[in-house]
Amino acid sequence: MKQLYSRYFPTPSFLAMNSCALDISDQSIKYGELVATSAGLRLGKYGQVKLPDGVVVSGKIENEIEFVRILKDLAHREHIHFARVALQEEQMYLFTLTLPSMSHKNLRETILLQLEEHIPLPALDTIFDYNIVEENKDSLLVEVVAIAAATMESYLSVFEKSGIVPLSFELEAQAIARAVIPAEDKGAVMIVDFGETRTGVSIAHDRRVFFTTTLDIGGLTLTNMLIKNFSLTFEKAEEMKRSYGLDSTSNIDEIFPVILNGISVLRDELNKQYVYWKTHDEYGIKHEQIDKIILCGGAANLIGLADYLQASMNMKVVHANAWVNIYDMKTSIPDMSFQESLGYATILGLTLGDYVYEAQSVINVLPKPKKKALYWEYWKRYATVALSFFALAGVLATVLTSPSYFFSESKYELAEDRLEAFNVANPEIATQNLDSAINDINSKLILLSGKSSTEISDSVLGSILSMRPKGIIYNQILYNEKSSDVRVLELHGVATDRTVLRNFKSALDSNPLFAKVDLPISNFIERSNINFTVSITMK
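Presented here is an overview of the structure given in this document. (Residues numbered from 1 in each chain as written. Predicted model: local features only at pLDDT ≥ 70, side-chain atom pairs only at ≥ 80, totals over all residues. Heavy atoms only, no water.)

1. Let's talk about helix α5 (residues 149-162)
Logical step 1: With 14 residues, α5 should reach 20 Å at 1.5 Å per residue; the first-to-last C-alpha distance of 20 Å fits that figure.
Logical step 2: Taken as a whole, α5 has its buried residues at T151, M152, S154, Y155, L156, V158, F159 and S162. (Helix = DSSP H or I, 4+ residues; strand = E, 2+ residues; numbered from the N terminus. Expected span 1.5 Å × (residues − 1). Buried < 20%, exposed > 50% of the residue type's maximum accessible area, 1.4 Å probe, protein only.)

See below:
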């Protein structure tokens, strides 16, 4: 469900911190990326940059200045800011530990205490990461990847100087396994990464790599054998190797046995690793029978290689489908040939690290302070996106409500203009005519009293209206004739505060027209905006 949601509602690239994969070997830097679209993941930019001899040797950076220059040029040309990096097995260590069940927060310290039993490095000079493979009430099976701190610091230094921020450093074999082993394949698989100068051999179970080794044989080994045996130029030897390979029916009979000698060495080494896996049970898991070998790497296109290994090892051997977890070949075809994809299996596995949806996490040996820096970088970007969203929402709200505001303003101005024109046309209404107001009140009081003949003295009402001070508002004036001798007026209104109301009461008391002015003390409970009732008995 998460994968489906991410397909149709991808995380913005600024927030996702999408990376470019970098596969660093002694001969080249391969790079590539996957781009999330509504149709799924699609191949973005990819390519290869050759490294001069001696810049990287067996995974160690020997010429930092040149390496930084190459990385800078690559980052500038391909607009690379974040990267996921695969390092060669020669510089990394992989092992498993079976530990008693414990709190996960104590795992790192426990692993640190046992590091030196498994790798030839001082524990304090090592950087490592781990992943829990299995867990039950009694024990934990943990997979650990470690690297020398000095080696990691050299890589961090060149990336910092080149302006590239590494998101992860991974074991090359694990990246390949992520790409070439189908997600539903839970069995044991041997992966052979047949490169130009070396061959990486790994064994994975349930898509996790538990064993790796590196063999000093590759495509260039076969080329050099042809050069030595036939006194050929490098270019001619490469051409013959690619054209004939292990094709025993070729017209040049001498080529087949020369190449076969080299591949036989590879076959023997693979058989040793197969036997070792089968006879040793030191990885904490049940060693299932290896049911197939997956071939990948830049030299894996050698004609007849898969057929020879399958026949000589009596095991199924297939070329890797590096797109098996990326593309549905029934609906789309990647912009990379199948032969070329064999050399980019590491790259494709690394880029899948940006889109890992299954429970297996990336074992990342990036130092902890760098991981924390990336964590805060993510939240800074998240805050930036959130603030931008709210700012945009505010701008949109302003734009959308502006027409209503200006329309209401125009209606208000139109009403003001019409009122002003009406007042000019009817000046008698605009003038405060006291007599008219008194006569209107008298007529209403007559209706309330039910006696058409009763009239209130103009002087009484005039006095009440004229003596109203600032801060007093009349809401209602009621007239009550209790008898022929007793007439009472009730004033209902609002006073701004107690002082204004008290002064108004004093003014009414001093009026000679009134016999008695009654203002209940309860009217003074409130301090402001006082609703009052004054009862006035007239003389």
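Now, onward.
2. Remarks on a nonpolar patch on the surface
Logical step 1: The grouping of Y375, W376, Y378, W379 and Y382 at the surface amounts to a nonpolar patch, some 570 Å² of accessible area in total.
Logical step 2: Within the element layout of this structure, Y382 appears in helix α13 (residues 368-425). (Patch = residues over 30% accessible without salt bridge, like charges linked within 9 Å, V, L, I, M, F, W, Y side chains within 5 Å. Areas by Shrake-Rupley, 256 points an atom, 1.4 Å probe, with all protein chains shown as cover. Salt bridge = Lys/Arg side-chain N within 4 Å of Asp/Glu carboxyl O.)

3. Details of the nonpolar core
A general trend in soluble globular proteins is that nonpolar side chains are found buried together.
Logical step 1: Counting 110 residues, the largest nonpolar core has F67, F159 and F169 as its most contacted members.
Logical step 2: Broken down by element, this core gets its largest block of residues, eight residues, from helix α9 (residues 255-279).
Logical step 3: With residues near it in sequence (within four places) discarded, F67 still touches I24, I29, L51, V55, V56, I61, Y155 and V158.
Logical step 4: Listed in part, the 22 residues of the second largest apolar core include I464, Y479, L501 and F504. (Core = buried A, V, L, I, M, F, W, Y, C linked by side-chain atoms within 4.5 Å. Contact = heavy atoms within 4.5 Å.)

4. Description of the pairing of strand β19 (residues 528-538)
Logical step 1: Where strand β17 (residues 487-497) and β19 come together, ten bridges link them in antiparallel fashion. Bridge pairing links V488 to T537 in β19.
Logical step 2: Alignment of strand β18 (residues 514-518) against β19, held across four bridges, turns out to be antiparallel. Its bridge partner lying in β19, V517 is registered against I536. (Pairing = 2+ DSSP bridges.)

5. Some remarks on the sheet that holds β18
For sheets, the rule is that strands pair by backbone hydrogen bonds, running either parallel or antiparallel.
Logical step 1: Ordered by their spatial adjacency, four strands build an open sheet running β16-β17-β19-β18, and the pairing between neighbours is antiparallel. Single-partner strands in this sheet number two, and they are β16 (472-481) and β18. Adjacent strand axes in the sheet meet at a mean angle of 20 degrees, parallel and antiparallel pairs treated alike.
Logical step 2: Set on the sheet, helix α16 (residues 458-466) makes contact with β16, β17, β18 and β19; between it and β17 the angle comes to about 10 degrees.
Logical step 3: Taken strand by strand, helix α17 (residues 498-509) contacts β16, β17, β18 and β19, and its axis lies near 150 degrees from that of β17. (Axes fitted to C-alpha atoms, helices over the stretch in contact; angles between N-to-C directions.)

6. Some points on the side chain of S341
Logical step 1: Relative to the elements of secondary structure, S341 occurs in helix α11 (residues 338-341).
Logical step 2: Of the polar contacts made by the side chain of S341, one reaches the backbone oxygen of F338; its length is 2.6 Å.
Logical step 3: In contact with S341, not counting residues within four places along its chain, are A322, W323 and M336. (Polar contact = N/O pair within 3.5 Å; in protein donor to acceptor, adjacent residues only side chain to side chain.)

7. Considerations on the packing of α9 against helix α10 (residues 305-313)
Between two packed helices, the angle of one axis relative to the other and the distance separating the axes together describe the packing.
Logical step 1: At their nearest, the axes of α9 and α10 sit 11 Å apart, and the two run at 50 degrees to each other. In terms of their interaxial angle, α9 and α10 are classed as oblique. Our pair here, α9 against α10, has a crossing hand that is right-handed. Judged by residue contacts, L260, I263, S264, R267, L270 and N271 of α9 engage L305, Y308, L309, S312 and M313 from α10. (Parallel < 35°, antiparallel > 145°, perpendicular 65-115°, else oblique. Left-handed = near helix turned anticlockwise from the far one by under 90°.)

8. Some points on the side chain of S19
Logical step 1: With respect to the helices and strands, the residue S19 is situated in the loop between α2 (13-16) and β1 (20-24).
Logical step 2: There is a polar contact of 2.7 Å between the side chain of S19 and the side chain of D354.
Logical step 3: For S19, the residues in contact, after removing those within four places along its chain, are E33, F82, A83, R84, L167 and D354.

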